[in-house]
Every structure is written in C-alpha cells, then in structure tokens.
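Chain and residue survey
Given next are the chains, with one letter for each unit.
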Amino acid sequence: MGAGLDTSRGELRVTGSLVANGTTAQPITLTSNGAAANAWYGVNLLPSATSTSVQFVNIDKANYGLYYQATAASITVHGCTLSTSNYGVYVTSPGSILDAITASGNGTGVYYTGGAGGTLSNAVIKNSTNLGVYVSTTSATNPTLNILNSTIHANANYGVYVQANSGLSTTVNVKNSNVTNQSTGVYRYTSSGSPTVN
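These numbers come from a predicted model, not from an experiment.

**Re the sheet that holds strand 2 (residues 19-21)**
Paired through backbone hydrogen bonds, the strands of a sheet run either parallel or antiparallel to each other. Strand order in the open sheet formed by eight strands is 2-5-8-11-14-17-20-23, with parallel pairing between adjacent strands. Edge strands, defined here as strands with exactly one partner in the open sheet, are strand 2 and strand 23 (194-197). Strand-to-strand twist in this sheet, taken as the mean axis angle between neighbours without regard to direction, amounts to 15°. Of the pairings in the sheet, the one linking strand 14 (residues 118-121) to strand 17 (residues 144-148) comprises four bridges and is parallel in character. Residue pairing across strands places G118 opposite L145, the latter belonging to strand 17.

What follows is the structure, encoded as structure tokens:
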C-alpha cells in the first residue's frame, strides 16, 4: 500500500478526525513488516486534522513516526512510544502539544521546523543516533517551544540543538528537565538568526 507523500510506502493520513486510544496495558501498535527505519512512511496529521486523539500508541520502523502538521487545538498526543524511525516526531505546527511520549532509537527524537513550537512535556527522548530535540526555525513566526519535566538522555550528538534562519528568532525554554550523556547537552547556533535558550 503506497499513497500520500511517498507513493512507494504505506502511510496513515489524517485529514479529519482520528481516535487511536490504547492503554498502558494494551497499547496500539503501528508498524511494518520491514526490518528497519523507513520501512513505511508513518502517521501524518495533516493541517486539516482536528478532534484527534493518539494515546498509548507504539509507532516504529517509519520515516516519520508521527508527522505533526495539524494546527487545531483539539489534538491530543499522549503516552506514545516512537522508535526505530528516521524521525520519532516531525513537527511543523506552531502549537503542538506532546505529552509523556518516549522517543527511543530514532535518527532524531523530535524535530521542529518551519514555525513549529508548542510544548514537549513529561517526555523521554533517548538513544537517538543523531539529535535528541532539534529546533530549526525557517519561517517568520518566531515560535516558542517549552520543554518541561523531560529527560533527554544518551543521544549521539546533541541533546537539544536550536537554530533560526537569518532575520528570524526562536525561543526554547527548558525547565525541570534532565539533559544528560550527549556529546553536547544544549547547543544554540548563533551564526544566523536569533535563537534563545532559557
């Protein structure tokens, strides 16, 4: 099955509503028969998605485990585990809310780009082969990302990497969080743009 952004791979596209609510004892699993990352495209919450709840869902072996484009306030992502994907979560939404997720063994745990921001809370981001949390502001919305009560641990290169394109700014607030055992814990790239890390 191939459709959507990559016709060579399966993809779950959400243009309206999706309710995928597992429990801690009985999570929902979305995966592929493939053996490694990029075996399927992943779950794509398109900008028109609304009234969507993704809770206690395990997503693995994808290109983008969860592609979060939805801008509606009625999006819930809670208690999910995202693993063995190129990107655990890839975010372009300025008001994204990710709570109690675990991103483990991905290329990058959570990747924010464009004007993406919002809240990442109670999360565990670990064992990424590249970056734990990457923020790259490329559009003129000057977003803010709040990282709260989270653990960012043992990612290969950077725990948190923040940059903005020339003429743009972005703010990342890291509060009550542990950033440990990376080559570099928190890095602010200042050769272009005006990134702020608090």
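**Overview of unusual backbone geometry**
Unlike most non-glycine residues, A100 shows phi in positive territory, near 55°. Considering the arrangement of structural elements, one finds A100 in the loop between strand 11 (96-99) and strand 12 (102-104). You can call A100 partly exposed: its relative accessible area is 23%. For N127, which is not glycine, the phi torsion reads 55° and is therefore positive. Relative to the helices and strands, N127 is located in the loop between strand 15 (124-126) and strand 16 (131-137). Classification of N127 by relative accessible area gives partly exposed; the value is 40%.

**What about the pattern of salt bridges?**
It is possible for side chains bearing opposite charge to pair when their charged atoms get close. For the structure shown, the criterion picks out one salt bridge. Between R13 and E11 there is a salt bridge, with the nearest N and O atoms lying 3.5 Å from each other. Residue class for R13 comes out partly exposed when judged on its relative accessible area of 39%. What makes E11 buried here is its relative accessible area of 10%.

The rules behind these values
Residues numbered from 1 in each chain as written. Predicted model: local features only at pLDDT ≥ 70, side-chain atom pairs only at ≥ 80, totals over all residues. Heavy atoms only, no water. Pairing = 2+ DSSP bridges. Helix = DSSP H or I, 4+ residues; strand = E, 2+ residues; numbered from the N terminus. Axes fitted to C-alpha atoms, helices over the stretch in contact; angles between N-to-C directions. Buried < 20%, exposed > 50% of the residue type's maximum accessible area, 1.4 Å probe, protein only. Salt bridge = Lys/Arg side-chain N within 4 Å of Asp/Glu carboxyl O.

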